[in-house]
Amino acid sequence: MKKTIVCFGDSNTYGYCPSDGGRYDESIRWPGRLAELLGPEYRVIEEGFNGRTICFDDPVEGGFKSGLTYMPPCVMSHCPVDLTVVMLGTNDTKSRFGMSAMAIAQAMMHFLRQLRTYALDAGGKSAKILLVAPPPLLEGISGCRYGQCFGADSLAASQKLKDEYLRLSKLMRCDFLDAGPVSEISTIDCTHLTAAGHTRLAQAMFQKIHEIL
């Protein structure tokens, strides 16, 4: 049986293209590249959604944004699952939510506890989890397209997430990857991955997943 990996995230898992506001081709998006690297023994499932947060429905962008609400039926529909890759937190730093990095990590802890209830492997046990700290916003975010959404506090929170998520991964006994050093954010909007960033992230994911599975 193929090993199943669910990639659960926001626009940087969906593959939002900062240059034209569209979507990168499947061959460019990191889950697609990861599937190619892993080969036919793996089934890699993309579950990315623009604007997704850990726990908020967005009062500006509309409903269905809470990952915590969507996650249970999502992962149950893909069971049995061997590994869930979770890369969320960037949208939670938006100014309208007022969340610090520590508060975002606390929300993620609740998310991971729920994930262990619903994402089960073939033996009925909780699937393995790879918690990914998303790449931080770039310093020039205030002058970019999404500058009205992300303030100075947002930038600081995004930069601190890696440390909070590392601590959380140890507490929750799950695997951890910091996407910042192994990817690349576009200077066009200071928020989304470049095509090269998707490639680099897929390669880092590939190496990490081989360690886990």
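One can find the structure itself at the top, above this paragraph.
Here goes a summary of the coordinates provided.

Here is what the cut-offs are and how they apply
- Residues numbered from 1 in each chain as written.
- Predicted model: local features only at pLDDT ≥ 70, side-chain atom pairs only at ≥ 80, totals over all residues.
- Heavy atoms only, no water.
- Buried < 20%, exposed > 50% of the residue type's maximum accessible area, 1.4 Å probe, protein only.
- Helix = DSSP H or I, 4+ residues; strand = E, 2+ residues; numbered from the N terminus.
- Contact = heavy atoms within 4.5 Å.
- Axes fitted to C-alpha atoms, helices over the stretch in contact; angles between N-to-C directions.
- Parallel < 35°, antiparallel > 145°, perpendicular 65-115°, else oblique.
- Left-handed = near helix turned anticlockwise from the far one by under 90°.
- Nonpolar A, V, L, I, M, F, W, Y, C, P; charged D, E, K, R; others polar.
- Salt bridge = Lys/Arg side-chain N within 4 Å of Asp/Glu carboxyl O.
- Core = buried A, V, L, I, M, F, W, Y, C linked by side-chain atoms within 4.5 Å.
- Lys, Arg positive; Asp, Glu negative; His and termini not counted.
- Phe/Tyr/Trp six-rings, centres within 6.5 Å; stacked < 30°, edge-to-face > 60°.
- Pairing = 2+ DSSP bridges.

Looking at helix α2 (residues 30-38)
Within the sequence span of α2, burial applies to Trp 30, Pro 31, Gly 32, Leu 34 and Leu 38. Contacts from the buried residues of α2 go to β1 (3-9), α1 (11-14), β2 (42-48), β3 (83-87) and α6 (195-212). Just past α2, the residue Gly 39 takes up positive phi, approximately 90°.

Examining the packing of helix α4 (residues 101-118) against helix α5 (residues 152-172)
Between α4 and α5, whose axes approach to 9 Å, the crossing angle comes to 40°. Comparing the axis directions of α4 and α5 gives the class oblique. Judged by the twist between their axes, the crossing of α4 over α5 is right-handed. Residues Ala 101, Met 102, Ile 104, Ala 105, Met 108, Met 109, Leu 112, Arg 113 and Arg 116 of α4 form the contact with α5, whose own contacting residues are Ala 157, Lys 160, Leu 161, Glu 164, Tyr 165, Leu 168, Leu 171 and Met 172. Residues that form the contact of α4 with α5 fall into these classes: 13 nonpolar, no polar and four charged.

Observations regarding the pattern of salt bridges
Summed over the entire model, instances satisfying the criterion amount to nine salt bridges. A salt bridge links Lys 94 to Asp 58; the nearest nitrogen and oxygen atoms lie 4.0 Å apart. Here Lys 94 is found in the loop between β3 and α4, whereas its partner Asp 58 is found in the loop between β2 and α3 (67-78), with 36 residues between them in sequence. With relative accessibility at 3%, the residue Asp 58 sits in the buried group. Ionic pairing is found between Glu 61 and Lys 94, a salt bridge with its closest N-O pair at 2.5 Å. Here Glu 61 is found in the loop between β2 and α3, whereas its partner Lys 94 is found in the loop between β3 and α4, with 33 residues between them in sequence. For Glu 61, a relative accessible area of 38% translates into the label partly exposed.

Considerations on the nonpolar core
Counting residues in each nonpolar core, the largest one holds 33 residues, and the members touching the most others are Ile 54, Met 108, Phe 111, Leu 112, Leu 115 and Tyr 165. Breaking this core down by element, the ones donating at least two residues are β1, α3, α4, β4 (128-133) and α5. Top element by residues in this core is α4. It accounts for nine residues. If sequence neighbours within four positions are ignored, Ile 54 has contacts with Ser 66, Gly 67, Leu 68, Leu 88, Gly 89, Asp 92, Ile 104, Ala 107, Met 108, Phe 111 and Tyr 165. Residues Cys 7, Val 44, Leu 83 and Leu 177 belong to the second largest nonpolar core, which totals 21 residues.

What about the side chain of Glu 47?
Assignment of secondary structure puts Glu 47 in strand β2. It turns out Glu 47 is buried and unbridged, and the closest side chain with the opposite charge, Arg 52, is 4.8 Å from it.

Observations concerning the packing of aromatic side chains
For the coordinates displayed, the defined rule picks out three aromatic pairs. A ring pair is formed by Phe 8 and Tyr 70, whose centres lie 6.3 Å apart and whose planes are at 25°; its orientation type is stacked. Note that Phe 8 is positioned in strand β1 and Tyr 70 in helix α3, a separation of 62 residues in sequence. A relative accessible area of 1% means that Phe 8 is categorised as buried. When the centroid spacing of 4.4 Å and the interplanar angle of 5° are considered together, the rings of Phe 56 and Phe 97 count as stacked. With Phe 56 in the loop between β2 and α3 and Phe 97 in the loop between β3 and α4, this residue pair connects regions lying 41 residues apart in the sequence. Taking relative accessible area as the criterion, Phe 56 reaches 23% and is therefore assigned partly exposed. Looking at Phe 97, the relative accessible area reads 13%, which means it is buried.

Some details on the sheet that holds strand β5 (residues 175-178)
Overall, parallel pairing links the five strands, which are arranged β2-β1-β3-β4-β5 in an open sheet. Bordering the open sheet on either side are β2 and β5, each of which pairs with just one other strand. With strand direction ignored, the average angle separating the axes of adjacent strands in the sheet is 20°. Taken together, the five bridges between β1 and β3 define a ladder with parallel strand orientation. Counted as the bridge partner of Cys 7 is Val 85 from β3. Contacts between α2 and the sheet are confined to β1, β2 and β3, with β2 contributing the most and set at about 175° to the helix. Its contacts with the sheet place α3 against β1 and β2, and it is angled at close to 165° to β1.

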